[in-house]
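A closer look at the structure
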Amino acid sequence: PWSFFEMAPLDPIIGLNEQFQKDDYPSKVIVGVGAYRDEKGKPFVLPSVRKAEKILAEGGLDMEYAGIAGEPRFVDLALEFAYGEDSAALKEGRIQGVQALSGTGGLRVFGEMMKKHGSTTLYLPNPSWGNHKNIFTNSGLEVKNYRYYDADNSSLDFEGMVHDIKSMPAGSIVLLHACAHNPTGMDPTLEQWKELSSVIKEQDLVTFFDCAYQGFASGDASKDAAAIRMFVEDGHLISMVQSFSKNFGLYGQRVGALSVVGRDAEEAKKVVSQMKTVIRPMYSNPPRHGARLVTTILEDPQLTAEFREECKGMADRINTMRGALKDSLESAGSTRDWSHITDQIGMFAYSGLSNEQVLEMRAKHHVYCTGDGRISMAGVTSDNVDYIANAIHDVAK
Ligand code: LMR
């Protein structure tokens with residue numbers, strides 16, 4: 001039965017790791033997938049997570065199935081983390097959710113649920129995270145784009161964005177990156193978010209936030225939730241997916257949450273019941289360990305304070321590397337304007353390199369970034385920054 005199967009192409013982000021593994025060039029560098037590295041270029045486990053692991057190991061927990069919606073205590077804490085402990089909607093029970101298989105899993109459950117309930121079209125920013133389109137197309141939705149990034153000026157095309165939102169048919173879903181837009185690192189300002197909130201309300205759209213980098217935009221997780229909190233205060237009945245891969249460094253644990261704001265608690269509970277009908281035939285119920293780690297941290301004020309400091313530490317190191325990369329490009333002799341590297345926020349620098357230049361950099365210098373010129377700043381260190389800068393300069397001059 002397999003003879004007509006063709007080899008599928010490598011994934012443009014995760015597949016890069018496979019290509020990189022096969023490269024035996026000694027100074028090779030990968031700045032592809034958005035996964036934090038310490039200053040030595042090594043994967044980093046947050047000390048607060050290590051402490052939580054110890055607490056869990058000593059707790060003698062059972063390994064029973066979680067419910068279809070995951071760990072209820074984790075979901076409560078995840079929602080507080082994003083919507084804020086003081087959120088009136090949260091206190092009224094109007095926000096409910098389920099545990100999700102990190103961002104990707106939550107996005108897919110949302111897509112499937114919306115398709116089942118009559119949605120037809122979802123709008124993504126142009127550009128957006130590479131996996132978004134496949135997730136929603138595979139959910140049966142039609143995926144369209146709205147203008148977002150002005151590549152010529154390395155800035156947000158806010159006018160284009162508002163214009164495109166104003167022409168979306170009522171009832172369409174508009175996906176917004178809650179903070180630290182992937183791949184551009186370019187977010188609307190608070191004033192612009194306010195305007196978006198009112199335009200989206202006028203258009204009567206379904207707002208869906210993808211919140212994968214809370215804590216990585218400003219270094220302060222609460223501040224990074226400003227857009228979400230503003231939309232809820234403005235009365236939007238949003239849905240949101242959260243990932244704990246980056247801020248808690250729990251990539252392989254697949255920890256996330258999918259939530260919804262209802263008109264009242266009853267309505268929100270009905271939506272959650274529908275999420276569960278999507279989850280059960282897809283993967284039954286989520287894994288428990290990562291959710292228990294996050295719960296252990298967020299339940300404990302001391303561990304939460306430590307986690308927040310550690311998350312800020314990661315964001316700070318990335319920002320230092322933004323400055324270092326820009327300086328190194330100048331020292332390498334580049335006369336191009338690289339100020340967008342330090343203007344952008346979050347994990348990535350959207351370098352402006354063309355696909356051709358990216359491929360040349362891979363072949364000649366063994367520096368691997370994604371095909372769209374996105375550089376994971378989390379993989380840049382004091383040891384490799386000059387090497388990367390020289391490679392970029394060589395292909396970009
Ligand atoms: C990325 O954009 O690099 C991350 O979100 C990881 C992934 O799954 O693509």
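These numbers were taken from a predicted model, which means no experiment stands behind them.

1. Comments concerning the overall build of the protein
- In terms of regular secondary structure, the protein is built from 15 helices and 13 strands.
- Expected size for 397 residues packed as a compact globule is a radius of gyration near 21 Å; at 21 Å, the protein falls within 12% of this value.
- For the protein, the spread of C-alpha atoms along the principal axes amounts to about 60 × 55 × 55 Å.
- Expressed as a percentage of its 397 residues, the buried residues of the protein come to 48%.
- Counting only contacts in the protein whose residues sit at least 6 apart along the sequence, the fraction spanning at least 24 positions is 76%.

2. Let's talk about the UniProt feature "domain: Aminotransferase class I/classII large" (unreviewed entry) in the protein
- On the UniProt side, "domain: Aminotransferase class I/classII large" (unreviewed entry) is annotated at positions that read residues 28-392 here.
- End C-alpha to end C-alpha, residues 28-392 measures 14 Å, and it is 46% helix and 15% strand.

3. As for the nonpolar core
- Ranked by internal contacts, the top residues of the largest apolar core, which has 118 residues, are I228, V294, L325 and I388.
- The dominant element in this core, judged by the number of residues it contributes, is helix α12 (residues 301-331), at nine residues.
- Counting contributing residues per domain, this core is built from domain 1 (15-44 + 308-396) and domain 2 (65-299), each supplying no fewer than three.
- With residues near it in sequence (within four places) discarded, I228 still touches A82, Y83, A178, F209, C211 and M240.

4. Comments concerning the domain arrangement of the protein
- One can read the domain layout of the protein as domain 1 (15-44 + 308-396) and domain 2 (65-299).
- Computed over C-alpha atoms, the centres of domain 1 and domain 2 are 27 Å apart.
- Those elements that place two or more of their residues in the side of domain 1 that touches domain 2 are α12 and β11 (348-350).
- By residue number, the principal contributor to the side of domain 1 that touches domain 2 is α12, which donates five residues.

5. What to know about the site of the ligand
- The local shell around the ligand consists of I13, I14, V33, G34, W129, N131 and N182.
- Residue classes in the shell around the ligand are distributed as four nonpolar, three polar and no charged.

6. Some thoughts on the packing of helix α2 (residues 47-58) against helix α11 (residues 289-298)
- Two elements in contact, α2 and α11, have axes whose closest approach is 9 Å; the angle formed by their N-to-C orientations is 105°. The angle between the axes of α2 and α11 places the two elements in the roughly perpendicular class. In this structure, α2 contributes S48, V49, A52, E53, I55 and L56 to the contact, and α11 contributes R292, L293, T296 and I297.
- When its residues are assigned to classes, the contact of α2 with α11 shows six nonpolar, two polar and two charged.

7. Quick notes on the environment of M240
- With respect to the helices and strands, the residue M240 is situated in strand β9 (residues 239-243).
- A residue is classified by how many C-beta atoms lie within 10 Å of it, and M240, with 27 of them, is buried.
- Residues M240 and R322, spaced 82 residues apart in sequence, show a C-alpha to C-alpha distance of 29 Å.
- Ignoring any residue separated from it by four or fewer positions in sequence, one finds M240 in contact with A82, F209, C211, I228 and S259.

8. Overview of the pairing of strand β4 (residues 142-147)
- Bridging between strand β3 (residues 121-126) and β4 involves six bridges; their strand directions are parallel. Across the sheet, N126 pairs through a bridge with R147, a residue of β4.

9. Some details on the sheet that holds strand β7 (residues 173-177)
- Taken together, seven strands build an open sheet; the order of strands is β2-β10-β9-β8-β7-β3-β4 and the sheet is mixed. Since the sheet does not close on itself, it has two edges, and those belong to β2 (95-100) and β4, each with one partner. On average, each strand axis in the sheet is inclined to that of its neighbour by 25°, with strand direction left out of account.
- Packing against the sheet, helix α3 (residues 72-83) makes contact with β2, β8 (206-211), β9 and β10 (256-261), and its axis sits at approximately 115° to β2.
- Docked against the sheet, helix α5 (residues 102-116) engages β2, β7, β8, β9 and β10, running at close to 40° with respect to β10.

10. What to know about the environment of A66
- With respect to the helices and strands, the residue A66 is situated in the loop between α2 and α3.
- In the structure, A66 is positioned 226 residues away from R292 in sequence and 11 Å away in space, judged by C-alpha atoms.
- Aside from chain neighbours lying at most four places away, what touches A66 is E71, N285, P286 and R288.

11. Re unusual backbone geometry
- The omega torsion of the bond from N126 to P127 falls at 5°, within 30 degrees of zero and hence cis.
- Topologically, P127 is positioned in the loop between β3 and α6 (130-138).
- Along the chain, N182 connects to P183 via a cis peptide bond; the corresponding omega equals 20°.
- Looking at the secondary structure, you find P183 in the loop between β7 and α8 (190-203).
- You will see that D204, though not glycine, has its phi angle at about 60°, which is positive.
- Given 11 C-beta atoms within a 10 Å radius, D204 is considered exposed.

Parameters at a glance
Residue numbers restart at each chain and count upward from 1, following the sequence in its written direction. Whole-chain, interface and lining totals are the exception, using all residues; otherwise, since this is a predicted model, local features are given only for residues with pLDDT of at least 70 and side-chain atom pairs are given and counted only at 80 or more. The way it works is that DSSP assigns letters per residue, a run of H or I at least four long becomes a helix, a run of E at least two long becomes a strand, and they are numbered from the N terminus. The globule rule used here is 2.2 Å times the number of residues to the 0.38 power, and the radius of gyration it is set against is calculated over C-alpha atoms. Every C-beta atom is placed from the backbone, and the number of other C-beta atoms within 10 Å of a residue's own sets its class: buried at 20 or more, exposed at 12 or fewer, partly exposed in between. Distance between backbone-placed C-beta atoms decides contact: two residues are in contact if it is within 7 Å. UniProt positions are given in the numbering used here, feature names are shortened, and annotations may be inferred rather than shown by experiment. Note on definitions: a nonpolar core is a set of buried residues drawn from Ala, Val, Leu, Ile, Met, Phe, Trp, Tyr and Cys, linked by C-beta atoms within 7 Å. Where each domain begins and ends follows an automated or database-derived domain assignment. For each residue, a C-beta atom is placed from the backbone, and the residue is labelled near a molecule or strand when this atom is within 6 Å of it. Under this grouping Gly is polar, as are all residues other than the nonpolar Ala, Val, Leu, Ile, Met, Phe, Trp, Tyr, Cys and Pro and the charged Asp, Glu, Lys and Arg. Only C-alpha atoms enter the line fits that serve as axes; for helices the fit covers just the stretch in contact. Angles between N-to-C directions range over 0 to 180 degrees. The scheme is simple: roughly parallel for angles under 35 degrees, roughly antiparallel for over 145, roughly perpendicular for 65 to 115, oblique for anything else. A pair of strands is considered paired only if DSSP assigns at least 2 bridges between the two.

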